Amino acid sequence: MPSKYTEQYLNENARRGGDGHGITPQTFLAKTLKGEAKRWSYKYCRVLEADLVSREDVIRGQSKYGATAYYRKDVE
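Residues numbered from 1 in each chain as written. Predicted model: local features only at pLDDT ≥ 70, side-chain atom pairs only at ≥ 80, totals over all residues. Heavy atoms only, no water.

## With respect to the packing of aromatic side chains
Part 1: One pass over the full model with this rule turns up two aromatic pairs.
Part 2: Ring geometry for tyrosine 5 versus tyrosine 44: centroids 5.9 Å apart, planes at 70°, classification edge-to-face. In this pair, tyrosine 5 sits in the segment before helix H1 (6–15) while tyrosine 44 sits in helix H3 (residues 41–54), placing the two residues 39 residues apart along the sequence.
Part 3: With a relative accessible area of 29%, tyrosine 44 lands in the partly exposed category.
Part 4: Ring centres 5.6 Å apart and planes at 70° place the aromatic pair tyrosine 9 and phenylalanine 28 in the edge-to-face group. On the criterion of sequence distance, the pair formed by tyrosine 9 in helix H1 and phenylalanine 28 in helix H2 (residues 25–32) is long-range, its members being 19 residues apart.
Part 5: Under the relative-accessibility criterion, tyrosine 9 is labelled buried at 0%. (Phe/Tyr/Trp six-rings, centres within 6.5 Å; stacked < 30°, edge-to-face > 60°. Helix = DSSP H or I, 4+ residues; strand = E, 2+ residues; numbered from the N terminus. Buried < 20%, exposed > 50% of the residue type's maximum accessible area, 1.4 Å probe, protein only.)

## Quick look at the environment of glycine 66
Part 1: Mapped onto the elements, glycine 66 comes out in the loop between strand S1 (58–62) and strand S2 (68–72).
Part 2: Separated by 10 residues in sequence, glycine 66 and glutamate 56 place their C-alpha atoms 23 Å apart.

Okay, structure coming up:
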């Protein structure tokens, strides 16, 4: 099941400068989710991470502080 936050997350990490400069899915959702949705942030995060891992156009890298983050593969 795709997450509705996947594209927003990948766009945010691209805007931040790519591998080594992005944020983790948990950090992204903490900044994005509001109200009642924050209560279920762990479920949103699990769905987002599952969607990111399943996509062929996404690679795993490091965040700004060394945790796992995801980025779009460079298209050449």
